[in-house]
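Survey of secondary and tertiary structure
Spelled out from the first residue to the last, the chains are:
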Amino acid sequence: MRFYVFIASVFCCAFADSRKIRGISSSYKRFYRERKSFLCIDGSKLIPFEQVNDDYCDCEDGSDEPGTSACPRGRFYCTNLGFRPHYIPSSRVNDGICDCCDASDEYNSHIRCQKTCWNLGQRERAYVEGQMRTLDEGLRLKQQLIEEGVLLWREKQAQLRELQQKAEDLHLKVEEHKKRKHQADQHKEQTLKTLQAGGAGSRQHNNTASGLFQFLDNNKDGSITVDEVQARVVTIHDEKRLLSENEAVALLGGGRQMDLTMFRHTLWDTLTKGDNVKIRDTNAALDSPVVEDPLLMAADRAAKWEATNLKKVEEAYETVNMEISDLQQKLAIDYGTDWEFLFLNSQCYKLQVYETWGMWAGEPKNQYSQMVYENGEPCWQGGSRTATVTLTCGTETALRSVKEPSKCQYIMDFQTPVACQPVLKQRGIHSEL
């Protein structure tokens, strides 16, 4: 009876020892079941099982010595119950330095390692919980920014339509003012030609009442007005002085205008007698008085007025077109699938940069996690400055850090709620605690 008990005891002890092989994870335990022989995991050699963890390296991959420092390529698995498990090089086993928080790597060492896995796990769990709270708050803020972005996008679209309608209206005004200016310039030119031909014409027209009437009727509307009398008639004693409005009205018989019939019986006689007034001598004034002619001066003022108005309308039209172009460029930028990055447009976060927008450069699964700015200011003895901005999830929008790993190439960490992704919350942070 004792014989069988002894055999059973040996078997149980051997089975228990096979389950306690140091330095292996639960997923690798199937390779270390108690047998007469052990096959190196890479399949390179078959050795007696007694040579596992005997502090001598038999397998090239180091799989026969997971719990000792015998194999240079070996790995020791820290179980770290209560914290994250991980591997360390086998050379660190029993080297007098605590690498595993559960102290399993120094099982045969002269030092005593404190087991810190629980405290480390507590801190990590607190950190993960904090990250989850940050993610929840970030996603809430991101939703607000998405809603604001949609409204802002619609406002800019409405603004663009309004500017385009304004541009169409201004275009019509420009064409209308061009037409007016052309007419004013033509009238000025015609008035000047009439004045320049007046020297010879006045002598011919002076011979008949109808001829003189036509000469005085500058705009050929069939009547002589106060302005036309002031332009053509002067006093005998002071030819350089322009007639006053009252004097011109008196010559017109007390009215503001006069037709040919009335002219024959009144002003014609006054002019032919030549006692007080006469027709201006235009030939003597071709060098300078032409410029002082009231009708020409009025035509010149009208031409300048129309030119000024045209310039104002053209400037307004150009300004609106520039606003349209600027707005179209802004709307052409990729602000994210839900316009969540639109709120960042024209915002400054305590760092002035002169690079221009390049592109989104994140991974395919999260394209909007990284921005690239290119063609910045020239770098001394180098090319243009560039900046790569990595976006991370946070409850505030702020620039967290700036580094220059190589000359004139900057790396920035930018925190913002719009970088928070629901997929992170679904995946969480996995730890074998």
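Where an unreviewed UniProt entry is consulted, the protein appears under the name Glucosidase 2 subunit beta, with the organism given as Cynoglossus semilaevis.

Another point: the environment of Ser109. Mapped onto the elements, Ser109 comes out in the loop between strand 4 (86-89) and helix 2 (117-196). Spatially, the C-alpha atoms of Ser109 and Asn94 are 5.1 Å apart, while their sequence positions differ by 15 residues. Look past the residues within four positions of Ser109 in its chain and what remains in contact with it is Asn94 and Gly96. For Ser109, the side chain forms a polar contact with the side chain of Glu106, separated by 3.0 Å. Polar contacts involving the side chain of Ser109 include one to the main-chain amide nitrogen of Ile111, which spans 3.3 Å.

What follows deals with the nonpolar core. Core analysis: the largest hydrophobic core is formed by 21 residues, its most contacted members being Leu212, Leu216, Val229, Val233, Phe263 and Leu271. Listing elements by their share of this core, those giving two or more residues are helix 4 (209-216), helix 5 (226-232), helix 6 (245-251), helix 8 (267-273) and strand 8 (277-279). By residue number, the principal contributor to this core is helix 4, which donates 5 residues. Contacts of Phe263, omitting those with residues within four sequence positions, involve Ala209, Leu212, Phe213, Leu216, Ile224, Met258, Trp268 and Leu271. Judged by nonpolar contacts, the second largest core, of 15 residues, contains Leu344, Met371, Met412 and Ala419.

Counted under the stated rule, the structure contains 6 aromatic pairs. An angle of 25° between the planes, with centres 5.1 Å apart, marks the rings of Tyr32 and Phe38 as stacked. Accessibility expressed as a relative area gives 3% for Tyr32, which makes it buried. Put simply, the rings of Tyr32, Phe38 and Phe49 touch in pairs and so form one group of aromatic residues. Across the ring face of Trp118, the terminal group of Arg125 is positioned such that the distance to the ring centre comes to 4.8 Å. Here the basic side chain of Arg232 rests over the ring of Phe215, its NZ or CZ set 5.1 Å away from the ring centre.

In this section: helix 4. The buried count for helix 4 comes to 6 of 8 residues, which makes it a mostly enclosed element. Within helix 4, burial applies to Ala209, Gly211, Leu212, Phe213, Phe215 and Leu216.

In total, this model carries 5 disulfides according to the counting rule given. A sulfur-sulfur separation of 1.9 Å characterises the disulfide bridge that pairs Cys101 with Cys117. Across the S-S bond of Cys101 and Cys117 the torsion is about 95°, and the bridge reads as right-handed. You can see Cys101 sitting in the loop between strand 4 and helix 2 and its partner Cys117 sitting in helix 2, a full 16 residues away along the chain. Classification of Cys117 as buried rests on a relative accessible area of 5%.

Together, Tyr28, Ile41 and Tyr87 make up a nonpolar patch on the protein surface, roughly 220 Å² of accessible area in all. Among the secondary structure elements, Ile41 is positioned in the loop between strand 1 (37-39) and strand 2 (46-48).

What follows is about unusual backbone geometry. Unlike most non-glycine residues, Asn80 shows phi in positive territory, near 50°. One can find Asn80 in the loop between strand 3 (75-78) and strand 4. Notably, Asn94 is not glycine yet its phi reads approximately 55°, a positive angle. Its location among the elements puts Asn94 in the loop between strand 4 and helix 2.

Now for the pattern of salt bridges. Any two side chains of opposite charge can pair, so long as their charged atoms come close to each other. Inspection of the entire model under this criterion finds 11 salt bridges. Residue Lys178 pairs with Glu175 through a salt bridge whose shortest N-O separation is 4.0 Å. Separated by 3 residues within a single helix, Lys178 and Glu175 lie in helix 2, roughly one turn from each other. By relative accessible area, Lys178 is classed as partly exposed at 39%. Among the residues examined, Glu175 registers a relative accessible area of 39% and is labelled partly exposed. Across the pair Asp300 and Lys304 runs a salt bridge, and its minimum N-O distance is 3.3 Å.

Cut-offs applied
- Residues numbered from 1 in each chain as written.
- Predicted model: local features only at pLDDT ≥ 70, side-chain atom pairs only at ≥ 80, totals over all residues.
- Heavy atoms only, no water.
- Helix = DSSP H or I, 4+ residues; strand = E, 2+ residues; numbered from the N terminus.
- Contact = heavy atoms within 4.5 Å.
- Polar contact = N/O pair within 3.5 Å; in protein donor to acceptor, adjacent residues only side chain to side chain.
- Core = buried A, V, L, I, M, F, W, Y, C linked by side-chain atoms within 4.5 Å.
- Buried < 20%, exposed > 50% of the residue type's maximum accessible area, 1.4 Å probe, protein only.
- Phe/Tyr/Trp six-rings, centres within 6.5 Å; stacked < 30°, edge-to-face > 60°.
- Lys NZ or Arg CZ within 6 Å of the ring centre and 35° of its normal.
- Disulfide = S-S within 2.5 Å.
- Patch = residues over 30% accessible without salt bridge, like charges linked within 9 Å, V, L, I, M, F, W, Y side chains within 5 Å.
- Areas by Shrake-Rupley, 256 points an atom, 1.4 Å probe, with all protein chains shown as cover.
- Salt bridge = Lys/Arg side-chain N within 4 Å of Asp/Glu carboxyl O.

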